[in-house]
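# Architecture at a glance
Here is what each chain is made of, one letter per residue.
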There are 2 protein chains.
Amino acid sequence: MTLRFALLASLSARPRTGYDLLQIFDSSVGFVWHAAHTQIYPELRRMEADGLLASVEVPRGPKAHKREYRITDLGLSALRQLASTPVEPSPEKDPYRLKAAYLEWADPEGARAQFELHLAHYARWLKQWQEMQQRIADGLDPVVNERLEARPAAEHRTIVAAKVFAYQGMSSRAEMEIEWAKQGLALLDTLAEPQP
Amino acid sequence: MTLRFALLASLSARPRTGYDLLQIFDSSVGFVWHAAHTQIYPELRRMEADGLLASVEVPRGPKAHKREYRITDLGLSALRQLASTPVEPSPEKDPYRLKAAYLEWADPEGARAQFELHLAHYARWLKQWQEMQQRIADGLDPVVNERLEARPAAEHRTIVAAKVFAYQGMSSRAEMEIEWAKQGLALLDTLAEPQP
DNA sequence: TGTCCCATGTAACTCGTTACATGATTGT
DNA sequence: ACAATCATGTAACGAGTTACATGGGACA
């Protein structure tokens, strides 16, 4: 259902091909919800079968085609419904904390490497998310700008605020993860010291 | 693989039945990695087939039985291997931030209800995780204590520190989520005000 | 005798990943 | 000519959820 929501939301700005959506899932939206082409293409066809999308074949060069999907009225109401229905957060499944809980079974180098990977990963993404947040706030993100053009001016404030708020949340998460990984490395140092 | 890790780790303290593990997955370990009985029972059988576990049938009453699993040497080395091998964090899939990014499609009450649910959920769990952390630090958690009894005293410091550190991470996550949800509610208030 | 709790299962389905494939177009 | 990019697909598998099912044991 979440992929569906992401696709409906992306297509609510303007019609796009599966490939266009793939690009978006490798950048903006994909910074929050990743999906592979092997999942996107079949899902688009299913959504069309369900009446949420409609598609046209667009020629490209003399022989090739691409298929462009637009959201239908049914799709729009599905999007509004998904967006408006609160969902109970699911039971936690946190692979990093789980692994950390059984740290005693790891050799020290393995444990250290894990925290360092964790740190590097979230440091890298923190940068991405912060840049994205800045870009949107400055009105420089092309995907968001396309959306603004398609929507009435009265909505612009909300649209920008929502996107900035989402990426801000991603950044907070990253900062928390970085802090935690640093504490993990510090913990390994203490555990390496001989006991008093 | 993560469920396997969780099961191996749980069984490294002492032999247990599927039902025992279920209890644990409804409390301690399950506060970090949730799993249902429909997933646990078949996985235990597969792990036995793979030689990671061995089981015996234990009578209970005159007619009924239960099956108790213990970790084998192969299982122990699999556990050590899983614990020691660093894993690259996966691409982000964050349903909360995704939904927030398209807040403009939600009706205001729906959006508010979502943030309130989010807040209540993580407030509830923050309490659980903090209590668990305290209980372990104070040597009062029965599951951790069983583990300590089964392992040499030299490891005790590491075992307790790892568990406390994991639950500390869960708490940090919860605090971040609570803060974010509060900002979301505040954002909805600003958006409800008329523009200057 | 009824109601929990103990204890374990199957089957169908959804979601997501990985591997394998194909062919046209654009630019150097 | 070749490489990179555009564009889309299938198939097998693994992980996880939901629904459906069953039966014994303990205690009031």
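Here the structure is shown first, and the text comes after it.
The rules we used
Residues numbered from 1 in each chain as written. Chains lettered and ligands numbered in written order. Predicted model: local features only at pLDDT ≥ 70, side-chain atom pairs only at ≥ 80, totals over all residues. Heavy atoms only, no water. Axes fitted to C-alpha atoms, helices over the stretch in contact; angles between N-to-C directions. Helix = DSSP H or I, 4+ residues; strand = E, 2+ residues; numbered from the N terminus. Parallel < 35°, antiparallel > 145°, perpendicular 65-115°, else oblique. Contact = heavy atoms within 4.5 Å. Nonpolar A, V, L, I, M, F, W, Y, C, P; charged D, E, K, R; others polar. Phe/Tyr/Trp six-rings, centres within 6.5 Å; stacked < 30°, edge-to-face > 60°. Buried < 20%, exposed > 50% of the residue type's maximum accessible area, 1.4 Å probe, protein only. Lys NZ or Arg CZ within 6 Å of the ring centre and 35° of its normal. Least-squares fit on C-alpha atoms with pLDDT ≥ 70 in both. Near = heavy atom within 4 Å. Polar contact = N/O pair within 3.5 Å; in protein donor to acceptor, adjacent residues only side chain to side chain.

All names here are of chain B. Two elements in contact, helix α1 (residues 2–11) and helix α2 (residues 18–25), have axes whose closest approach is 11 Å; the angle formed by their N-to-C orientations is 105°. Accordingly, the angle class assigned to the pair α1 and α2 is roughly perpendicular. Where α1 abuts α2, its residues L3, A6, L7, S10 and L11 lie against L21, I24 and F25. A class-by-class count of the residues in the contact of α1 with α2 yields seven nonpolar, one polar and no charged.

With that settled, consider the packing of aromatic side chains. Tallying each qualifying case throughout the model produces 12 aromatic pairs over all chains. Aromatic pair F31(A) and W125(A): ring centres 5.2 Å apart, planes at 85°, arrangement edge-to-face. Of the two residues, F31(A) is situated in the loop between α2 (18–25) and α3 (37–49) and W125(A) in helix α6 (residues 108–137); the sequence distance between them amounts to 94 residues. Taking the relative accessible area as the measure of exposure, W125(A) reaches 13% and is therefore buried. Centroid distance F165(A) to W180(B): 4.7 Å. Interplanar angle 0°. Geometry classified as stacked. Within this pair, whereas F165(A) is found in helix α8 (residues 153–192), its partner W180(B) is found in helix α8 (residues 153–192), the two belonging to separate chains. Of the two residues, F165(A) and W180(B), neither departs from the other in class, the shared state being buried. Connected via pairs of aromatic rings, a cluster forms that spans F31(A), W125(A) and W129(A). The residue whose ring lies beneath R97(B) is W180(B), and the NZ or CZ to ring-centre distance is 4.3 Å.

What follows deals with the relation of the copies chain B and chain A. Overlaying chain B on chain A yields an RMSD of 0.0 Å, the required transformation being a rotation through 180° with an accompanying axial translation of 0.0 Å. In short, the pair behaves as if placed about a two-fold rotation axis. Interface overlap between copies is the fraction of interface residues in one copy that are interface residues in the other; for chain B against chain A it reaches 100%, indicating a shared surface.

What follows is about the protein's contact with DNA strand C. Surrounding DNA strand C, one finds 20 residues, the nearest of these being Q39(A), P62(A), K63(A), Y19(B) and R67(B). Within the contact set of DNA strand C, a phosphate oxygen lies 3.4 Å away from a side-chain nitrogen or oxygen of R45(B). Between DNA strand C and K66(B) there is a distance of 3.3 Å, counted from a phosphate oxygen to a side-chain nitrogen or oxygen. For the surface near DNA strand C, the elements supplying multiple residues, two or more each, are α3 of chain A together with α2, α3 (37–49) and β3 (64–71) of chain B. The biggest single contributor to the surface near DNA strand C is α3(B), with four residues.

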